[in-house]
Amino acid sequence: MDKNFYITTPIYYPSAKPHMGHAYSSIIADFFSRFKKIDGYNVYFLTGTDEHGLKIQRSAEKQNKDPKAFCDEISKTFEDLTKTLNLSNTDFIRTTENRHKISVQKLWNILEENNQIYLSKYSGWYSVSDEAFYNNDEVENKDGSKVAKLSGSIVEWVEEESYFFKLSEWEKPLLEFYEKNKNFILPESRRNEVISFVKNGLKDLSVSRKSFTWGIKVPSNENHIVYVWLDALTNYLSSLKYPDESNDLFKNFWPADIHIIGKDILRFHAIYWPAFLLAAKIKPPNRVYGHGWILSGDEKMSKSKGNILDPLEIINIYGLDPLRYYLLKEVSFGNDGNISEDKLENCINSDLANNFGNLCQRVLSFTEKNCASVIPDHKFIKDDLVILESLNNIDKIRSFIDNQDINQYMNFIVDRLFASNKYFNDQEPWKKKDDKLRLNTIVYTSLELIRKITILLYPVMPKTSVKVLNTFNIKEDEIDFASLKNNEILKQQSKINKLDILFKKIDK
Ligand code: MSP
């Protein structure tokens, strides 16, 4: 049977150019996507931009631009970023595309047909920055302004005719759904947060706006536009050609396996989204993972503080793969983390140059000098098998991924790199010139270790890993996670290609 896997990033607001927070969500999703690919899955990986609503309309107005032209320009910078980050996404969706509009209007019609939507009047607080409605008890006065307690963003009072979704009816079914699907919301702390919010009672949700025009029209009433979150969430379906539920994309990939999101948008994904879907009789996704924030120093990035981290600047200085490695290894997944030049440089020196780079360089140059750069013969003894087999438990490694335990996965790699360097040191192949078979076997074992660890590093640092695997003539589309079980993939006498220095140590 075909193994299919559907993963998404949030779709980003093209209100300003991308920053490190956006890059982080995308790199995380790419990591999982690439792992699943080398584990034999057909992967559908979706990202894109969320282009409607007041936030975008006002950003465009500020620059005296037509909203569509404004979105075209900034959405392009997000699409370019997918290339710069070397994302393996299958699709890039823009909510201003017609294929998306069709899905949103269809979903709306179904909700209406299912008696889930009614017309009334909204009066309450609205944050344009969050595109979210807030209750009275969710706002506070701060420095002379009314702000949302949750996000700190400014709210404004809204009173207008609006369609409502009967969210209150879904309180019990949602709690039952969370109970039945224990891993629907991860990490656990966020699951608890959501459950207690729902238990406090859900009010019907305003799902249309009338006072501005930048959005998708409500099919039955052109004076209203669809609430931007109902519009945006539907992107996960529209990319699969919903409402055509019989097409192969939808049949193979829905429900999504995992939505990767930041903790700031948990409520929309973990409450509204499954409620809309259940109300439309569509299966909810299997999992929503809310990761933490990337802080600049110790603070949240913001335009007003002038501390926005630009991924392009960091990539220009340090390169993409070191940044990907750092974000995956040094940020405790699920929690907030930060980047500083100092920490990034330490990580490059210790993990990449001294550990991984060093293992590759010394083993390959020893092979060049002593084995004429071809894979030598071998006859394993216990020492060799012990270390090789410490990388054979693919079920354990797979479970790190399936539990989104990125840190265990990364720690496992680092630990095996240390062990492999130690093995090469302890075995002292340079003292075995009189025992050619033993020398060759140590080299062979070390090359196999490099092969195995580099396969594990592929989802983390695809470009670097492909370079290393190419020295063994393994091409990108041949990378196979399950081959870790095998200790004898490298074929005797086959040529080893030259490998340039992978990471330069940074002088500090
Ligand atoms: N458009 C909505 C999402 C709709 S999904 C159907 C949105 N866009 S956003 O551009 O404001 O942010 C998208 C995501 O970027 C956040 O959920 C989060 O995943 C990521 N980040 C934005 N700032 C971040 C940090 N400082 N740190 C980590 N990620 C953060 O919300």
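Per chain, residues are indexed from 1 in the order of the written sequence. Local features in this predicted model are restricted to residues of pLDDT 70 or higher, and side-chain atom pairs are both shown and tallied only at a pLDDT of 80 or more, whereas totals for entire chains, interfaces and linings draw on every residue. Here the side-chain values reflect all heavy atoms present in the structure, with hydrogen atoms and water set aside.

A. Looking closely at the packing of helix α6 (residues 188–199) against helix α10 (residues 266–279). To obtain an axis, a line is fitted to C-alpha atoms, over the contacting stretch when the element is a helix, and the angle between two such axes runs from 0 to 180 degrees between their N-to-C directions. In this text, helices come from DSSP runs of H or I with a minimum length of four residues, and strands from runs of E with a minimum of two, each type numbered from the N-terminal end. It is at 11 Å that the axes of α6 and α10 come closest, and there the two elements cross at 55°. As the angle between them shows, α6 and α10 are arranged oblique. Of the two elements, α6 crosses α10, and the hand of that crossing is right-handed. Each of R190, E193, V194, F197 and V198 in α6 lies in contact with α10, whose residues at this interface are L266, R267, A270 and I271. Across the contact of α6 with α10, the residue classes tally to six nonpolar, no polar and three charged. Convention used here: angles under 35 degrees read as roughly parallel, angles over 145 as roughly antiparallel, angles from 65 to 115 as roughly perpendicular, and any remaining angle as oblique. A clockwise turn of the near helix away from the far one marks a right-handed crossing, whereas an anticlockwise turn of less than a right angle marks a left-handed crossing. Any two residues having at least one pair of non-hydrogen atoms within 4.5 Å are treated as being in contact. Note that Gly is not counted as nonpolar here; it falls among the polar residues with everything else outside the nonpolar set of Ala, Val, Leu, Ile, Met, Phe, Trp, Tyr, Cys and Pro and the charged set of Asp, Glu, Lys and Arg.

B. The sheet that holds strand β10 (residues 205–206), seen in detail. We treat two strands as partners when DSSP finds at least two bridges between them. If you walk across this open sheet you meet the four strands as β5-β4-β8-β10, and the pairing is antiparallel. Only two strands of the sheet have a single partner each, and these edge strands are β5 (132–134) and β10. This element, α10, spans β5, β8 (156–165) and β10 of the sheet and lies at about 30° to β8.

C. Region of interest: the pattern of salt bridges. Each reported salt bridge corresponds to a side-chain nitrogen of Lys or Arg within 4 Å of a carboxyl oxygen of Asp or Glu. Under the defined criterion, the tally for this structure stands at 32 salt bridges. A salt bridge links D72 to R94; the shortest N-O distance between them is 2.7 Å. Linking D72 in helix α3 (residues 67–84) with R94 in strand β3 (residues 91–94), this pair joins segments that are 22 residues apart in sequence. Per-residue accessibility, obtained with a 1.4 Å probe over protein chains only, is compared with the maximum for each type, and a residue is labelled buried under 20%, exposed over 50%, and partly exposed between these values. Judged by its relative accessible area of 16%, R94 is buried. Where E428 meets K431, a salt bridge forms, and the shortest distance between an N and an O atom there is 3.1 Å. Residue K431 is classed as exposed on the basis of its relative accessible area, which comes to 57%. Overlapping salt bridges, with partners in common, bring together D30, R34, R324 and E476 in one network.

D. Spotlight on the nonpolar core. Residues grouped as a nonpolar core are buried Ala, Val, Leu, Ile, Met, Phe, Trp, Tyr and Cys residues, joined through side-chain atoms within 4.5 Å. M20, L327 and Y409 are the most contacted members of the largest nonpolar core, which totals 94 residues. Looking at this core element by element, the count peaks at twelve residues for helix α13 (residues 341–371). Apart from the residues lying within four places of it in its own chain, the contact partners of L327 are M20, Y24, I27, I294 and I339. Residues I74, V139, F164 and Y272 belong to the second largest nonpolar core, which totals 83 residues.

E. Up close: the site of the ligand. What makes a residue near a molecule or strand is one non-hydrogen atom of that residue sitting within 4 Å of it. Around the ligand, the structure places 24 residues, and the nearest of them are I11, S25, D50, W293 and I294. Whenever a nitrogen or oxygen atom comes within 3.5 Å of another N or O atom, the pair is scored as a polar contact, on the condition that within protein one atom can donate a hydrogen and the other can accept it, and that pairs from neighbouring residues in sequence are kept only if both atoms are in side chains. A distance of 2.6 Å separates an oxygen atom of the ligand from a polar atom in the side chain of S25. Computed by Shrake-Rupley with a 1.4 Å probe, the accessible areas treat only the displayed protein chains as cover when residues are assessed. Protein chains bury 94% of the 660 Å² of accessible surface belonging to the ligand in isolation. Elements supplying a minimum of two residues to the shell around the ligand: β1 (4–12), α1 (20–38), α7 (228–233), α8 (235–238) and β14 (258–262). When the residues that make up the shell around the ligand are grouped by side-chain class, the tally is 13 nonpolar, nine polar and two charged.

F. Looking closely at the environment of G53. Note on placement: G53 falls in the loop between β2 (42–49) and α2 (54–62). C-alpha of G53 to C-alpha of G215: the two residues are 162 residues apart in sequence and 5.8 Å apart in space.

G. A look at unusual backbone geometry. With an omega of -5°, the peptide bond between L186 and P187 qualifies as cis. Relative to the helices and strands, P187 is located in the loop between β9 (185–186) and α6. Residue Y242 is joined to P243 through a cis peptide bond whose omega torsion reads 15°. Unlike most non-glycine residues, Q493 shows phi in positive territory, near 80°. With respect to the helices, strands and loops of the structure, Q493 is situated in the segment after α18 (462–471). Given the relative accessible area of 56%, Q493 is considered exposed.

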